[in-house]
Amino acid sequence: MSKKLHIISLDIPYPADYGGAIDIFYKLKALHAAGVEITLHCFLYGQRLPHAELTQYCYKIFYYPRKTGWKGIHPTLPYIISSRRHPELLRNLCADNEAILFEGLHTTALANHPALAHRKKIFRAHNIESDYYRGMAKHTLLSFRHCYFLIESFLLKRYEKALPSFQHILAISPADCEWFQKQYPHIPTSLLLPFHPYDAVCSLVGKGNFCLYHGNLSISENQESAAYLAKEVFSTLSFPLLLAGKDPSSALSALESQQIRIIPNPSKDNLQSLVKEAHVNVLPSFQMSGMKLKLLYALFSGRHCISNDASLCAFVGDTLHYASSTAEWREKITDLMNKAFTAEDIKKRSLAMQAFNNQTNVVILVSLL
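Predicted model only: the values in this text are computed from it and were never measured.

What counts, and where the lines are drawn
- Here the residue index of a chain counts from 1 through its sequence in written order.
- Thresholds applied to this predicted model are a pLDDT of at least 70 for local features of residues and 80 or more for the giving and counting of side-chain atom pairs; totals over whole chains, interfaces and linings are not thresholded and use all residues.
- Excluding hydrogens and water, the side-chain figures rest on all heavy atoms present in the structure.
- In this analysis, rings of Phe, Tyr and Trp, with Trp reduced to its six-membered ring, are considered paired at centre separations within 6.5 Å, and the interplanar angle assigns stacked below 30 degrees, edge-to-face beyond 60, and tilted for intermediate values.
- Strands are runs of DSSP state E lasting at least two residues, helices are runs of H or I lasting at least four, and both sets are numbered from the N terminus onward.
- Each residue gets one of three labels from its accessible area relative to the maximum for its type: buried under 20%, exposed over 50%, partly exposed in between, using a 1.4 Å probe on protein chains only.
- We call a charge positioned above a ring when the Lys NZ or Arg CZ atom is no farther than 6 Å from the ring centre and deviates by at most 35 degrees from the ring normal.
- All axes are obtained by fitting lines to C-alpha atoms, using only the stretch in contact for helices, and the reported angles, taken between N-to-C directions, cover 0 to 180 degrees.
- Note that the term roughly parallel is reserved for angles under 35 degrees, roughly antiparallel for angles over 145, roughly perpendicular for angles of 65 to 115, and oblique for everything else.
- What makes two residues a contact is simply this: any of their non-hydrogen atoms within 4.5 Å.
- Gly counts as polar in this scheme, as do all residues outside two lists: the nonpolar Ala, Val, Leu, Ile, Met, Phe, Trp, Tyr, Cys and Pro, and the charged Asp, Glu, Lys and Arg.
- Pairing between two strands is assigned when DSSP locates at least 2 bridges connecting them.
- Throughout, right-handed denotes a crossover for which the path from the first strand over the helix to the second runs clockwise when the strands point away from the viewer.
- Within this analysis, the arc is defined by the directions that extend from the helix axis to the C-beta atoms.
- Polar contacts, as used here, are pairs of N or O atoms within 3.5 Å; protein pairs need one atom able to donate a hydrogen and one able to accept it. Residues neighboring in sequence count only if both atoms are side-chain atoms.
- Joining through side-chain atoms within 4.5 Å is the link that ties buried Ala, Val, Leu, Ile, Met, Phe, Trp, Tyr and Cys residues into a set, and such a set is a nonpolar core.
- Using a grid of 1 Å spacing that covers the protein atoms alone, one calls a set of points a cavity when a 1.4 Å probe fits there but cannot get out, and a pocket when the set is open and has protein on both sides within 12 Å along at least five of seven lines; lining residues are those with an atom within 4 Å of a point.
- Grid points are joined across faces, edges and corners, and a volume is the space filled by probe spheres set on the points.

Section: the packing of aromatic side chains
In step 1: Enumeration according to the criterion identifies 19 aromatic pairs in this entry.
In step 2: Ring centres of Y14 and F25 lie 5.0 Å apart, and the angle between their planes is 50°; this geometry places the pair in the tilted category. One end of the pair, Y14, is in the loop between β1 (4-9) and α1 (19-33); the other, F25, is in helix α1, and 11 residues separate them in sequence.
In step 3: A residue is classified by how much of its surface remains accessible, and Y14, at 22% relative accessible area, is partly exposed.
In step 4: Residues F102 and F166 carry aromatic rings whose centres are separated by 5.5 Å and whose planes lie at 65° to one another, so their mutual orientation is edge-to-face. Of this pair, F102 sits in strand β4 (residues 99-103) while F166 sits in the loop between α5 (144-161) and β6 (168-171), and the two are 64 residues apart along the sequence. F166 carries the same exposure label as F102, and that label is buried.
In step 5: Grouped by ring-pair contacts, the aromatic residues F102, F123, F166, W179, F180 and Y184 constitute a single cluster.
In step 6: We note R66 situated over the ring of Y45; from NZ or CZ to the ring centre the distance is 4.6 Å.

Here is the structure:
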């Protein structure tokens, strides 16, 4: 069995401060601990820079500038894919014959290249990307960005119909796994749950006195979720709601009141404290593809948790409370705010979260090499 692997990452996966980066970074750590020699390929853009932390887990690391703006546009390829084409990547992949893990559809531009025809190629799907971008368009007001999301969704849908020839697909959620199995019955598809930083449930017993929503508040989907809570759910409730996250929009900031508090750009330690100290973590989602890492965060670190996302229910059962309507949100929040989080709740949560064990899940990946 090979113990060497090329990983093509859509971004520099450190700091691990958003869903895709978290999954990739902690996958690197788990693979390294399992004795796999990793050659990491990253695309360089935005504010993320090469980081020494990655050298602890990778044998080699290559960085490639992403073609952003007009330079990255292709007439037929989705922008997230065409902007990540680079000739040096192909040359570096061809330096040996080891297996290649493509992290996200974003990284698959070279997957069908003749020079890689004989290689073992594994695709890690972070989302059903055409659905994700259609959802982004739905939650974005008419603008250039709205048009971009619609066009990208169309191009991604066409690209997905002729998915490159992989030997295996690794889906991140049960729903996504079922979708890939139906779309590509000729390609073996497995469920590989997301990798994460948690070794055990560390929730606090007792009661908090507020509810918390957290996420990147510069993203339209999260803005809509936060606004929904503030304007619809908590409009008839008396419990305090904290909205914490990166770069909240001016529209979201305008919702601040005596009951609704905005916490912009909390530090890692501050956010961790908020998640742990909240009595109820409220995490609605209007984008159901993939799996929300902030849900895992709340389940490993927080007390009661409510979501309308059923992707985790098969694993965690009633340790995650489910609400499908505004009335249900209000009812469950009111009920849970009056219930202490007990040692028995932590025991039950700990048993449920065993499915999300990095050491167990890395065995699935290593077995494919």
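Things to note about the packing of helix α7 (residues 220-233) against helix α12 (residues 326-337)
In step 1: Closest axis-to-axis distance for the α7/α12 pair is 11 Å, and the angle between their directions is 80°. Between α7 and α12, the angle is such that the two are roughly perpendicular. Across from Y228, L229, E232 and V233 in α7, the residues of α12 making contact are T326, W329, R330 and I333.
In step 2: Of the residues contributing to the contact of α7 with α12, the split by class is five nonpolar, one polar and two charged.

Overview of the side chain of N92
In step 1: Within the secondary structure, N92 is located in helix α3 (residues 87-93).
In step 2: Classification of N92 as buried rests on a relative accessible area of 16%.

A word on the pairing of strand β2 (residues 37-44)
Consecutive side chains of a regular strand alternate in pointing toward one face of the sheet and then the other.
In step 1: Burial of β2 is extensive: six of the eight residues sit out of reach of the surface.
In step 2: Both β1 and β2 contribute to a ladder of six bridges, which runs parallel. Across the sheet, the residue bridging to I7 is L40, located in β2.
In step 3: This β-α-β element, β1 to α1 to β2, shows right-handed connectivity.

A closer look at the sheet that holds strand β8 (residues 211-214)
In step 1: With parallel pairing, six strands are arranged side by side in an open sheet as β10-β9-β8-β11-β12-β13. The open sheet has two free edges, formed respectively by β10 (260-264) and β13 (321-322), since each of these has just one partner strand.
In step 2: Taken together, the five bridges between strand β9 (residues 241-245) and β10 define a ladder with parallel strand orientation. Residue L243 lies in a different strand from β10, and its bridge partner there is I262.
In step 3: Across the face of the sheet, α7 comes into contact with β8, β9, β10 and β11 (280-283) while running at roughly 160° to β8.
In step 4: Relative to strand β12 (residues 304-307), α12 is tilted by about 180°, and along the sheet it contacts β8, β11, β12 and β13.

Re helix α14 (residues 358-366)
In step 1: Taken together, the buried positions of α14 are occupied by N358, N361, V362, L365 and V366. Seen end-on, α14 carries its buried residues on one side only, within an arc spanning 145°.
In step 2: On the buried face of α14, the contacting elements are α1, β4 and β6.
In step 3: Where α14 begins, the capping side chain belongs to N357, and its oxygen is found 2.9 Å from the backbone nitrogen of Q359.

Quick look at the nonpolar core
In step 1: Membership of the largest hydrophobic core comes to 85 residues, with the highest contact counts inside it found for F234, V282 and I333.
In step 2: Leave out the neighbours within four places in its chain, and F234 touches C211, L229, F239, P240, L241, Q259, I260 and I333.

A short note on empty space enclosed by the protein
In step 1: This structure, assessed with the given rule, holds one cavity of 30 Å³ or more.
In step 2: The volume enclosed by the largest cavity comes to roughly 40 Å³.
In step 3: Around the largest cavity, the lining residues are L105, F123, N127, I128, E129, E160, L163 and F180.
In step 4: Looking at the lining of the largest cavity residue by residue, the class counts come to five nonpolar, one polar and two charged.

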